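# Remarks on the overall topology
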Amino acid sequence: MKTTRIASPNTNSLSPNSISLTDFPAKSSVMTPPLLTCALLLAHALFPLTAATSNAAYPPPYGIDQPCTSAAEVYGGGRIIDISHRYHPDLPAWESPDGIGRFLWLTRSMKNGSVANFSEMKLSAHTGTHVDAPGHVFDHYFDAGFDAASLDLDVLNGDALVVDVPRDTNITAEVMKSLNIPKGVRRVLFRTLNTDRGLMYKKAFDTSYVGFMNDGAQWLVDNTDIKLVGVDYLSVATFDDLLSCHLIFLEGREIIPVEGLKLDGVEPGIYSVHCLPLRLVGAEGSPVRCILIKP
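Residue positions within a chain follow its written sequence, with the count starting from 1. pLDDT decides what is reported in this predicted model: residues at 70 or higher carry local features, side-chain atom pairs at 80 or more are listed and counted, and totals for whole chains, interfaces and linings draw on all residues regardless. Values reported for side chains reflect all heavy atoms of the structure, with hydrogen atoms and water molecules removed beforehand.

### Comments concerning the overall build of the chain
Counting its secondary structure elements, the chain contains 8 helices and 11 strands. Burial classification: accessible surface area is computed with a 1.4 Å probe over protein chains only, and a residue below 20% of its type maximum counts as buried, one above 50% as exposed, and the rest as partly exposed. Here the chain, with 295 residues, has 40% of them falling under the buried criterion. Any two residues whose heavy atoms approach within 4.5 Å at even a single point are treated as in contact. Considering only contacts within the chain whose residues lie at least 6 apart along the sequence, 69% involve residues at least 24 apart. Under the convention used here, a 1.4 Å probe and the Shrake-Rupley method define accessible areas, while residue burial counts only the protein chains that appear. A total of about 16,800 Å² of accessible surface is found on the chain, and carbon and sulfur atoms cover 57% of it. Here a helix means four or more residues in a row that DSSP labels H or I, a strand means two or more in a row labelled E, and each is numbered from the N terminus.

### Remarks on helix α8 (residues 242-250)
Listing the buried residues of α8 in full gives Cys 245, His 246, Ile 248, Phe 249 and Leu 250. If you follow the buried residues of α8, they end up packed against β5 (130-132), α3 (139-144), α7 (214-223), β8 (228-230) and β9 (256-259).

### Description of unusual backbone geometry
With a phi close to 60 degrees, Glu 95 is a non-glycine residue in the positive phi region. In this structure, Glu 95 sits in the loop between β2 (80-82) and β3 (104-108). The phi torsion at Arg 253 lies on the positive side, around 55 degrees, for a residue other than glycine. Its place among the elements puts Arg 253 in the loop between α8 and β9.

### Notes on the packing of aromatic side chains
Two rings from Phe, Tyr or Trp (for Trp, the six-membered ring) form a pair when their centres are within 6.5 Å of each other. A pair whose planes differ by under 30 degrees is stacked, one over 60 is edge-to-face, and the rest are tilted. With the rule as written, the count across this model stands at 11 aromatic pairs. Residues Trp 94 and Tyr 209 carry aromatic rings whose centres are separated by 6.3 Å and whose planes lie at 65 degrees to one another, so their mutual orientation is edge-to-face. Within this pair, whereas Trp 94 is found in the loop between β2 and β3, its partner Tyr 209 is found in the loop between α6 (193-197) and α7, the two being separated by 115 residues in sequence. The partly exposed category is assigned to Trp 94, whose relative accessible area is 33%.

### As for empty space enclosed by the protein
Buried and open spaces are told apart on a 1 Å grid over the protein atoms alone, a cavity being a set of points where a 1.4 Å probe fits but cannot get out and a pocket being an open set with protein on both sides within 12 Å along at least five of seven lines. Residues with an atom within 4 Å of a point are the lining residues. Grid points are joined across faces, edges and corners, and a volume is the space filled by probe spheres set on the points. Under the defined criterion, the tally for this structure stands at 1 cavity of 30 Å³ or more. Size it by volume and the largest cavity reaches roughly 50 Å³. What lines the largest cavity is His 85, Asn 194, Thr 195, Gly 198, Leu 199, Met 200, Tyr 201, Asp 232, Leu 261, Lys 262, Leu 263 and Asp 264. Partitioned by chemical class, the residues of the lining of the largest cavity number 5 nonpolar, 4 polar and 3 charged. Here the term charged refers only to Asp, Glu, Lys and Arg, the term nonpolar to Ala, Val, Leu, Ile, Met, Phe, Trp, Tyr, Cys and Pro, and the term polar to all other amino acids, Gly among them.

### What to know about the environment of Glu 174
Structurally, the position occupied by Glu 174 is in helix α5 (residues 173-179). Sequence separation between Glu 174 and Asp 215 is 41 residues; the distance between their C-alpha atoms is 8.7 Å.

### Details of α7
Among the residues of α7, those classed as buried are Gly 216, Ala 217 and Leu 220. The arc that holds the buried residues of α7, viewed along the axis, is 100 degrees, so those residues lie on one side. At its buried positions, α7 is contacted by α5, β7 (187-191), β8 and α8. As used here, the arc belongs to the directions running from the helix axis to the C-beta atoms.

### Quick notes on the environment of Arg 187
The residue Arg 187 is located in strand β7 in this model. We classify Arg 187 as buried; its relative accessible area is 7%. Distance from Arg 187 to Ile 255, taken between C-alpha atoms, is 9.6 Å for residues 68 residues apart in sequence. The contact partners of Arg 187, leaving out residues within four places of it in the chain, are Asp 154, Val 155, Asn 157, Gly 158, Asp 159, Ala 160, Leu 161, Leu 228 and Val 273.

### Regarding the pairing of strand β11 (residues 285-293)
Within β11, 7 of the 9 residues are buried, which leaves it mostly tucked inside the rest of the structure. Pairing between strands is defined by DSSP: at least two bridges between them are needed. In the sheet, β2 pairs with β11 via 3 bridges, with the strands oriented antiparallel. In the sheet register, Ile 80 faces β11, and the bridge partner there is Ile 293. Across 3 bridges, β5 lies against β11 in antiparallel orientation. Bridge pairing in β11 places Val 131 opposite Ser 286. Looking at chain direction, strand β10 (residues 269-277) and β11 are connected through 6 bridges and run antiparallel.

Here is the structure:
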(Lines give C-alpha, C1' and ligand atoms only; values in the text may rest on other atoms or scores of the structure.)
Protein backbone atom coordinates (compact mmCIF):
# COMPACT_ATOMS: atom_id res chain seq x y z
CA MET A 1 0.00 0.00 0.00
CA LYS A 2 1.30 3.40 -0.92
CA THR A 3 1.27 5.95 1.90
CA THR A 4 1.38 9.71 1.64
CA ARG A 5 3.33 11.72 4.23
CA ILE A 6 1.83 15.01 5.29
CA ALA A 7 4.52 17.45 6.37
CA SER A 8 4.24 20.76 8.12
CA PRO A 9 5.53 23.77 6.18
CA ASN A 10 7.14 25.12 9.36
CA THR A 11 8.90 21.97 10.62
CA ASN A 12 11.02 19.18 9.19
CA SER A 13 9.03 16.52 11.04
CA LEU A 14 5.80 16.26 12.93
CA SER A 15 5.43 15.31 16.57
CA PRO A 16 2.58 15.65 19.08
CA ASN A 17 4.56 18.34 20.88
CA SER A 18 5.49 20.41 17.85
CA ILE A 19 2.22 20.57 15.93
CA SER A 20 0.34 23.87 16.09
CA LEU A 21 -2.41 25.60 14.20
CA THR A 22 0.15 27.90 12.55
CA ASP A 23 1.67 24.85 10.82
CA PHE A 24 -1.36 24.64 8.55
CA PRO A 25 -1.54 27.01 5.55
CA ALA A 26 -4.31 29.57 5.50
CA LYS A 27 -5.42 32.28 3.11
CA SER A 28 -5.63 34.83 5.86
CA SER A 29 -4.04 35.45 9.23
CA VAL A 30 -7.18 34.18 10.99
CA MET A 31 -8.14 30.56 10.35
CA THR A 32 -11.74 30.15 9.25
CA PRO A 33 -13.96 27.79 11.30
CA PRO A 34 -14.16 25.06 8.60
CA LEU A 35 -10.40 25.04 8.17
CA LEU A 36 -9.86 25.04 11.94
CA THR A 37 -12.09 22.00 12.22
CA CYS A 38 -10.16 20.21 9.49
CA ALA A 39 -6.87 21.04 11.20
CA LEU A 40 -8.00 19.61 14.51
CA LEU A 41 -9.34 16.45 12.88
CA LEU A 42 -6.08 16.02 11.01
CA ALA A 43 -4.03 16.34 14.20
CA HIS A 44 -6.24 13.77 15.92
CA ALA A 45 -5.93 11.36 13.01
CA LEU A 46 -2.16 11.69 12.89
CA PHE A 47 -1.63 11.10 16.60
CA PRO A 48 -4.47 8.87 17.87
CA LEU A 49 -2.38 7.28 20.65
CA THR A 50 -1.29 10.49 22.33
CA ALA A 51 -4.32 10.70 24.62
CA ALA A 52 -4.99 6.98 24.78
CA THR A 53 -1.70 5.91 26.33
CA SER A 54 -1.88 8.18 29.38
CA ASN A 55 -4.50 9.71 31.57
CA ALA A 56 -4.27 12.29 34.34
CA ALA A 57 -6.29 10.03 36.64
CA TYR A 58 -3.80 7.18 36.15
CA PRO A 59 -0.34 8.76 36.11
CA PRO A 60 2.58 6.99 34.39
CA PRO A 61 3.54 4.20 34.13
CA TYR A 62 -0.12 3.20 33.94
CA GLY A 63 -1.70 3.29 30.50
CA ILE A 64 -3.66 1.07 28.14
CA ASP A 65 -0.62 -1.18 27.71
CA GLN A 66 0.25 -1.44 31.42
CA PRO A 67 -2.61 -2.20 33.83
CA CYS A 68 -2.78 -0.51 37.21
CA THR A 69 -2.21 -3.40 39.63
CA SER A 70 -1.60 -1.57 42.92
CA ALA A 71 -2.54 1.70 44.50
CA ALA A 72 0.01 4.48 44.66
CA GLU A 73 1.22 5.70 48.04
CA VAL A 74 2.47 9.14 47.02
CA TYR A 75 1.44 11.62 44.38
CA GLY A 76 2.68 14.92 43.04
CA GLY A 77 6.33 13.94 43.26
CA GLY A 78 6.00 12.87 46.90
CA ARG A 79 4.16 15.97 48.08
CA ILE A 80 0.86 14.13 48.61
CA ILE A 81 0.90 11.05 50.83
CA ASP A 82 -2.00 8.61 50.95
CA ILE A 83 -2.45 7.57 54.59
CA SER A 84 -5.48 5.34 53.95
CA HIS A 85 -5.22 1.56 53.81
CA ARG A 86 -6.39 -0.33 50.75
CA TYR A 87 -9.52 -2.45 51.12
CA HIS A 88 -8.86 -6.13 50.44
CA PRO A 89 -10.04 -9.43 51.99
CA ASP A 90 -7.06 -9.71 54.37
CA LEU A 91 -7.52 -6.25 55.88
CA PRO A 92 -7.92 -6.77 59.64
CA ALA A 93 -11.40 -6.51 61.10
CA TRP A 94 -12.48 -6.03 64.70
CA GLU A 95 -12.11 -9.28 66.69
CA SER A 96 -11.84 -11.35 63.52
CA PRO A 97 -9.03 -13.87 62.93
CA ASP A 98 -9.70 -13.89 59.19
CA GLY A 99 -9.73 -10.24 58.13
CA ILE A 100 -12.74 -8.63 56.51
CA GLY A 101 -13.08 -11.46 53.99
CA ARG A 102 -14.96 -11.08 50.76
CA PHE A 103 -16.71 -7.72 50.66
CA LEU A 104 -16.97 -6.95 46.93
CA TRP A 105 -19.12 -8.69 44.31
CA LEU A 106 -19.26 -8.05 40.58
CA THR A 107 -23.01 -8.33 40.08
CA ARG A 108 -22.96 -7.36 36.41
CA SER A 109 -20.04 -8.21 34.16
CA MET A 110 -19.14 -7.12 30.65
CA LYS A 111 -17.65 -10.59 30.18
CA ASN A 112 -21.16 -11.98 30.67
CA GLY A 113 -22.80 -9.59 28.26
CA SER A 114 -23.54 -6.53 30.40
CA VAL A 115 -22.84 -3.14 28.87
CA ALA A 116 -20.79 -2.18 31.95
CA ASN A 117 -19.17 -3.71 35.02
CA PHE A 118 -21.18 -3.12 38.20
CA SER A 119 -19.98 -4.02 41.71
CA GLU A 120 -21.66 -4.12 45.10
CA MET A 121 -19.95 -4.16 48.48
CA LYS A 122 -20.84 -5.00 52.06
CA LEU A 123 -18.65 -4.09 55.00
CA SER A 124 -18.74 -2.54 58.46
CA ALA A 125 -18.77 1.24 58.74
CA HIS A 126 -15.68 0.81 60.95
CA THR A 127 -13.57 -1.03 58.38
CA GLY A 128 -10.00 -0.05 57.57
CA THR A 129 -9.22 3.66 57.78
CA HIS A 130 -12.39 5.15 59.23
CA VAL A 131 -13.95 7.75 61.52
CA ASP A 132 -16.17 7.41 64.59
CA ALA A 133 -19.22 9.62 65.07
CA PRO A 134 -20.72 10.40 68.52
CA GLY A 135 -23.54 7.91 67.94
CA HIS A 136 -20.98 5.11 68.02
CA VAL A 137 -21.08 4.86 71.83
CA PHE A 138 -23.93 7.20 72.85
CA ASP A 139 -27.37 5.92 71.91
CA HIS A 140 -29.08 9.26 72.52
CA TYR A 141 -26.62 10.87 70.07
CA PHE A 142 -27.40 8.09 67.61
CA ASP A 143 -31.14 8.81 67.92
CA ALA A 144 -30.52 12.56 67.62
CA GLY A 145 -28.75 12.14 64.28
CA PHE A 146 -25.12 12.77 65.25
CA ASP A 147 -23.95 10.44 62.50
CA ALA A 148 -21.13 10.27 59.96
CA ALA A 149 -22.95 12.71 57.69
CA SER A 150 -22.96 15.34 60.45
CA LEU A 151 -19.20 15.33 61.18
CA ASP A 152 -17.46 18.71 60.92
CA LEU A 153 -15.30 18.83 57.81
CA ASP A 154 -13.43 21.79 59.26
CA VAL A 155 -12.06 19.46 61.95
CA LEU A 156 -11.18 16.80 59.40
CA ASN A 157 -9.26 19.14 57.09
CA GLY A 158 -6.41 21.52 57.88
CA ASP A 159 -2.98 21.77 59.46
CA ALA A 160 -1.96 18.66 61.39
CA LEU A 161 0.93 17.45 63.49
CA VAL A 162 2.36 13.94 63.16
CA VAL A 163 4.05 12.79 66.37
CA ASP A 164 6.02 9.68 67.32
CA VAL A 165 4.77 8.01 70.49
CA PRO A 166 7.37 6.30 72.74
CA ARG A 167 7.45 2.68 71.62
CA ASP A 168 7.29 1.01 75.05
CA THR A 169 3.94 2.33 76.23
CA ASN A 170 0.30 3.04 75.51
CA ILE A 171 -0.78 6.67 75.28
CA THR A 172 -1.15 7.74 78.91
CA ALA A 173 -1.32 11.13 80.57
CA GLU A 174 2.44 10.99 81.12
CA VAL A 175 3.04 10.25 77.46
CA MET A 176 0.78 13.13 76.44
CA LYS A 177 2.74 15.49 78.71
CA SER A 178 6.04 14.27 77.28
CA LEU A 179 4.97 14.98 73.69
CA ASN A 180 4.78 18.72 74.45
CA ILE A 181 2.06 19.37 71.88
CA PRO A 182 1.56 23.17 71.74
CA LYS A 183 -1.76 24.79 72.54
CA GLY A 184 -3.61 25.73 69.40
CA VAL A 185 -2.79 22.49 67.56
CA ARG A 186 -6.15 21.03 66.52
CA ARG A 187 -5.20 17.89 64.61
CA VAL A 188 -2.67 15.28 65.72
CA LEU A 189 -1.80 11.92 64.19
CA PHE A 190 -0.14 9.55 66.66
CA ARG A 191 2.34 7.11 65.10
CA THR A 192 2.96 4.22 67.45
CA LEU A 193 4.42 0.74 67.72
CA ASN A 194 1.41 -0.43 65.69
CA THR A 195 3.05 0.98 62.57
CA ASP A 196 6.40 -0.63 63.38
CA ARG A 197 4.71 -4.00 63.90
CA GLY A 198 2.68 -3.66 60.70
CA LEU A 199 -0.55 -4.59 62.48
CA MET A 200 -2.78 -3.18 59.75
CA TYR A 201 -1.12 -5.60 57.30
CA LYS A 202 -1.93 -8.67 59.43
CA LYS A 203 -5.40 -10.07 58.87
CA ALA A 204 -5.79 -11.53 62.38
CA PHE A 205 -7.05 -8.97 64.90
CA ASP A 206 -4.46 -8.24 67.60
CA THR A 207 -5.64 -7.15 71.06
CA SER A 208 -2.11 -6.04 72.05
CA TYR A 209 -2.25 -2.94 69.86
CA VAL A 210 -1.21 0.45 71.26
CA GLY A 211 -3.91 3.03 71.95
CA PHE A 212 -5.11 5.65 74.41
CA MET A 213 -5.73 4.74 77.99
CA ASN A 214 -8.39 6.57 79.99
CA ASP A 215 -5.99 8.99 81.67
CA GLY A 216 -4.34 9.84 78.36
CA ALA A 217 -7.68 10.55 76.72
CA GLN A 218 -8.82 12.69 79.66
CA TRP A 219 -5.55 14.64 79.67
CA LEU A 220 -5.96 15.38 75.96
CA VAL A 221 -9.53 16.62 76.49
CA ASP A 222 -8.62 18.77 79.50
CA ASN A 223 -5.28 20.23 78.42
CA THR A 224 -5.12 20.52 74.63
CA ASP A 225 -7.05 22.01 71.72
CA ILE A 226 -6.90 18.77 69.74
CA LYS A 227 -10.12 17.90 67.90
CA LEU A 228 -8.88 15.33 65.39
CA VAL A 229 -7.19 12.32 67.02
CA GLY A 230 -5.58 10.03 64.47
CA VAL A 231 -4.21 6.57 65.34
CA ASP A 232 -2.61 3.71 63.42
CA TYR A 233 -4.84 0.76 64.34
CA LEU A 234 -8.55 -0.02 64.38
CA SER A 235 -9.30 1.71 67.68
CA VAL A 236 -8.26 4.97 69.30
CA ALA A 237 -8.54 3.22 72.71
CA THR A 238 -6.61 0.30 74.11
CA PHE A 239 -8.50 -2.98 74.19
CA ASP A 240 -8.75 -2.83 78.00
CA ASP A 241 -10.08 0.76 78.06
CA LEU A 242 -12.16 0.39 74.93
CA LEU A 243 -15.59 1.75 75.87
CA SER A 244 -14.60 4.16 78.64
CA CYS A 245 -11.96 5.85 76.46
CA HIS A 246 -14.39 6.29 73.57
CA LEU A 247 -16.86 7.84 75.97
CA ILE A 248 -14.25 10.40 77.04
CA PHE A 249 -13.46 11.35 73.45
CA LEU A 250 -16.98 11.43 72.04
CA GLU A 251 -19.08 12.79 74.89
CA GLY A 252 -18.49 16.45 74.01
CA ARG A 253 -19.17 15.89 70.27
CA GLU A 254 -16.10 17.98 69.45
CA ILE A 255 -13.39 15.33 68.97
CA ILE A 256 -13.34 13.07 65.92
CA PRO A 257 -11.26 9.88 66.15
CA VAL A 258 -9.71 8.79 62.85
CA GLU A 259 -8.65 5.16 63.18
CA GLY A 260 -6.61 2.75 61.08
CA LEU A 261 -4.27 5.32 59.51
CA LYS A 262 -1.33 4.22 57.37
CA LEU A 263 1.65 6.14 58.72
CA ASP A 264 4.46 4.00 57.32
CA GLY A 265 7.40 6.19 56.38
CA VAL A 266 5.65 9.41 57.42
CA GLU A 267 8.12 11.67 59.18
CA PRO A 268 7.03 13.59 62.30
CA GLY A 269 6.18 17.17 61.54
CA ILE A 270 3.55 19.54 60.23
CA TYR A 271 1.37 18.66 57.26
CA SER A 272 -2.00 19.51 55.83
CA VAL A 273 -4.41 16.64 56.45
CA HIS A 274 -7.55 15.96 54.44
CA CYS A 275 -10.03 13.28 55.54
CA LEU A 276 -13.39 12.86 53.83
CA PRO A 277 -15.91 10.37 55.22
CA LEU A 278 -18.91 9.24 53.22
CA ARG A 279 -22.16 11.11 53.90
CA LEU A 280 -23.81 8.07 55.46
CA VAL A 281 -27.02 9.27 57.06
CA GLY A 282 -27.77 7.21 60.18
CA ALA A 283 -24.32 5.58 60.31
CA GLU A 284 -22.21 5.92 63.47
CA GLY A 285 -18.98 5.64 61.47
CA SER A 286 -17.66 5.71 57.95
CA PRO A 287 -14.70 4.61 55.86
CA VAL A 288 -12.58 7.62 55.04
CA ARG A 289 -9.93 8.55 52.48
CA CYS A 290 -7.16 10.50 54.21
CA ILE A 291 -4.16 12.21 52.68
CA LEU A 292 -1.30 14.34 53.96
CA ILE A 293 0.13 17.20 51.94
CA LYS A 294 3.63 18.41 52.67
CA PRO A 295 4.02 22.18 53.12
